[in-house]
Amino acid sequence: MTDIPPELHESFGRLEPELRDSLFGALDPVSAELGPREVAVLQRLANGIADDAPASELNAFVRLLPVTVSRAVAPAIESLTATK
């Protein structure tokens, strides 16, 4: 998790520990692909989760990410998007 940008540690801090750890685990293999744009989208995703945004909004954030990153993140938030 050392390659995860510090901004994400701060944003993901708003999430429940289990979800936060799941997202960090999912992002670890693709962390080299996280540029400023991806970090900004992931921060918005984290804020949306924390603020109980609708599933459609969360899915929209995931679709803004590059394919490899979105494929890593989608399973980590699937339980949230399936229940909303």
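Residues numbered from 1 in each chain as written. Predicted model: local features only at pLDDT ≥ 70, side-chain atom pairs only at ≥ 80, totals over all residues. Heavy atoms only, no water.

*Asks:* Sorry, what's going on with the environment of Pro29 here?
*Replies:* Locating Pro29 in the fold gives a position in the loop between α2 (17-27) and α3 (36-50). Here Pro29 falls in the exposed class, since its relative accessible area comes to 67%. Along the primary structure Pro29 and Ile4 are separated by 25 residues, whereas in three dimensions their C-alpha atoms are 9.8 Å apart. (Helix = DSSP H or I, 4+ residues; strand = E, 2+ residues; numbered from the N terminus. Buried < 20%, exposed > 50% of the residue type's maximum accessible area, 1.4 Å probe, protein only.)

*Asks:* Is there a simple way to think about the packing of α3 against helix α4 (residues 55-63) in this case?
*Replies:* When two helices pack together, their arrangement is given by the angle between the helix axes and the distance between those axes. One can describe the packing of α3 onto α4 by two numbers: an axis separation of 9 Å at closest approach and a directional angle of 165°. The angle between α3 and α4 places the two elements in the roughly antiparallel class. In this structure, α3 meets α4 at a crossing whose hand is left-handed. From α3, Val41, Arg44, Leu45, Gly48 and Ile49 reach across to α4, where they touch Leu58, Phe61 and Val62. A per-class count over the contact of α3 with α4 returns six nonpolar, one polar and one charged. (Axes fitted to C-alpha atoms, helices over the stretch in contact; angles between N-to-C directions. Parallel < 35°, antiparallel > 145°, perpendicular 65-115°, else oblique. Left-handed = near helix turned anticlockwise from the far one by under 90°. Contact = heavy atoms within 4.5 Å. Nonpolar A, V, L, I, M, F, W, Y, C, P; charged D, E, K, R; others polar.)

*Asks:* Is there a simple way to think about α2 in this case?
*Replies:* What sets the pattern is the α-helix's 3.6 residues per turn: residues three or four places apart point alike. Within α2, the full set of buried residues consists of Leu19, Leu23, Phe24, Ala26 and Leu27. With its buried residues spanning 160° around the axis, α2 presents them on a single face. Opposite its buried face, α2 presents the exposed residues Pro17 and Glu18, each directed more than 90 degrees away. (Arc of directions from axis to C-beta.)

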